[in-house]
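Read off the chains here:
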Amino acid sequence: MSSQDRALPPPSDAELLDIARAARTTAYAPYSRFRVGAAIATVDGRILSGANVENAAYPAGVCAERVAASQAVVAGSRDFSAIAIVGDGAGPCTPCGMCRQFLYEFAPNLRVLASGEEGAVRAYILGRDLLPDGFGPRRLRT
Ligand code: THU
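Residues numbered from 1 in each chain as written. Predicted model: local features only at pLDDT ≥ 70, side-chain atom pairs only at ≥ 80, totals over all residues. Heavy atoms only, no water.

> I'd like to hear about the side chain of Arg-100, residue by residue, with values.
You can see Arg-100 is positioned in helix α3 (residues 97–104). Engagement of the side chain of Arg-100 in a polar contact is seen with the backbone oxygen of Pro-95, the distance being 2.7 Å. (Helix = DSSP H or I, 4+ residues; strand = E, 2+ residues; numbered from the N terminus. Polar contact = N/O pair within 3.5 Å; in protein donor to acceptor, adjacent residues only side chain to side chain.)

Take a look at the structure:
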């Protein structure tokens, strides 16, 4: 086993939040002017980040969380342990309903850290706190 094969320890909350905060600066948000960054930790020890990318046809825009999760999936990691989200302004930036559903597909027990530029960081468990009784892939296999 090479050192690259060894599972890395999960990142601290502070580390994941720092990566999300840095990702926020890469947002393309000319319409809302509300930038969001996200960083997702995978069980196999990777951290992938994303930011919101808006569009002149507004509904075509995509949230930071779905960019980060999609980066992880296409990198080959579908098993997520935690996501940090940092939005502009004060107070926690909690994920929208579409992102809650998108993340639930891969990680119903995901730890979700929500933050703003200042103020408290809130921590949730996705399926318990943000999407109880969510609809997931297992429901289609019964
Ligand atoms: N947005 C995110 O990227 N994540 C969230 O958790 C909340 C909202 C984006 C979508 C849109 O580009 C902008 O923030 C304003 O809604």
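Past the structure itself, the notes keep going.
> Can you lay out the site of the ligand for me, pointing to particular residues and giving the numbers?
Every residue lining the ligand is accounted for by Ser-32, Phe-34, Val-36, Asn-52, Glu-54, Cys-63, Ala-64, Glu-65, Cys-93, Thr-94, Pro-95 and Cys-96. Here an oxygen atom of the ligand sits 3.0 Å away from a polar atom, N or O, in the side chain of Asn-52. Backbone polar atom of Thr-94 to an oxygen atom of the ligand: 3.3 Å apart, as the coordinates give it. In isolation the ligand has 370 Å² of accessible area, and contact with the protein removes 76% of it. The residue inventory of the shell around the ligand, partitioned by class, reads 7 nonpolar, 3 polar and 2 charged. (Near = heavy atom within 4 Å. Areas by Shrake-Rupley, 256 points an atom, 1.4 Å probe, with all protein chains shown as cover. Nonpolar A, V, L, I, M, F, W, Y, C, P; charged D, E, K, R; others polar.)

> So what's going on with the side chain of Asp-88? Which residues, and what values?
Mapped onto the elements of the fold, Asp-88 is located in the loop between β3 (80–87) and α3. From its side chain, Asp-88 meets the backbone nitrogen of Arg-35 in a polar contact 2.8 Å long. Among residues more than four places away in sequence, those in contact with Asp-88 are Arg-24, Arg-33, Phe-34, Arg-35 and Glu-117. (Contact = heavy atoms within 4.5 Å.)

> Which residues make up the environment of Val-67, and what values do they have?
For Val-67, the position within the fold is in helix α2 (residues 64–74). Taking the C-alpha atoms as reference, Val-67 lies 9.5 Å from Ala-39; in sequence the two are 28 residues apart. Setting aside its immediate chain neighbours within four residues, Val-67 contacts Gly-50, Ala-51 and Val-62.

> Which residues make up the sheet that holds β3, and what values go with them?
The strand order β2-β1-β3-β4-β5 describes an open sheet built from 5 strands, whose pairing is mixed. Looking along the sheet, the strands with just one partner apiece sit at the ends: β2 (47–51) and β5 (122–125). Averaged over all pairs of adjacent strands, the angle between strand axes in this sheet comes to 15°, irrespective of strand direction. Sheet topology places strand β1 (residues 36–42) next to β3; 7 bridges connect them, and they run antiparallel. Along β3, the bridge assignment pairs Thr-42 with Phe-80. Across the sheet, helix α1 (residues 13–24) lies against β1, β2, β3 and β4 (111–115), angled at about 50° from β3, the strand it touches most. (Pairing = 2+ DSSP bridges. Axes fitted to C-alpha atoms, helices over the stretch in contact; angles between N-to-C directions.)

> A description of the state of the cysteines should follow, citing residues and the corresponding values.
All chains considered together, the criterion is met by 0 disulfides. A disulfide-free cysteine, Cys-63 has its sulfur positioned 3.8 Å from the sulfur of Cys-99, the nearest such atom. Looking at Cys-93, it has no disulfide partner, and the nearest cysteine sulfur is the one in Cys-63, 8.3 Å off. (Disulfide = S-S within 2.5 Å.)

> Talk me through the nonpolar core; I want residue IDs and the actual numbers.
By size, the foremost hydrophobic cluster in this structure holds 22 residues, and its most contacted members are Ile-40, Phe-80, Ile-83, Leu-103, Leu-110, Val-112 and Leu-126. Looking at this core, the elements with two or more residues in it are β1, α2, β3, α3, β4 and α4 (126–130). Of all the elements, α2 adds the most residues to this core, at 4 residues. Contact partners of Leu-110, with chain neighbours within four places excluded, come to Phe-80, Ser-81, Ala-82, Ile-83, Leu-103, Tyr-124, Ile-125 and Leu-126. In terms of nonpolar packing, the next biggest core, distinct from the first, is built from 9 residues, Leu-16, Leu-17, Ala-41 and Ala-82 among them. (Core = buried A, V, L, I, M, F, W, Y, C linked by side-chain atoms within 4.5 Å. Buried < 20%, exposed > 50% of the residue type's maximum accessible area, 1.4 Å probe, protein only.)

All quantities given are derived from atomic positions and should not be read as evidence of function.
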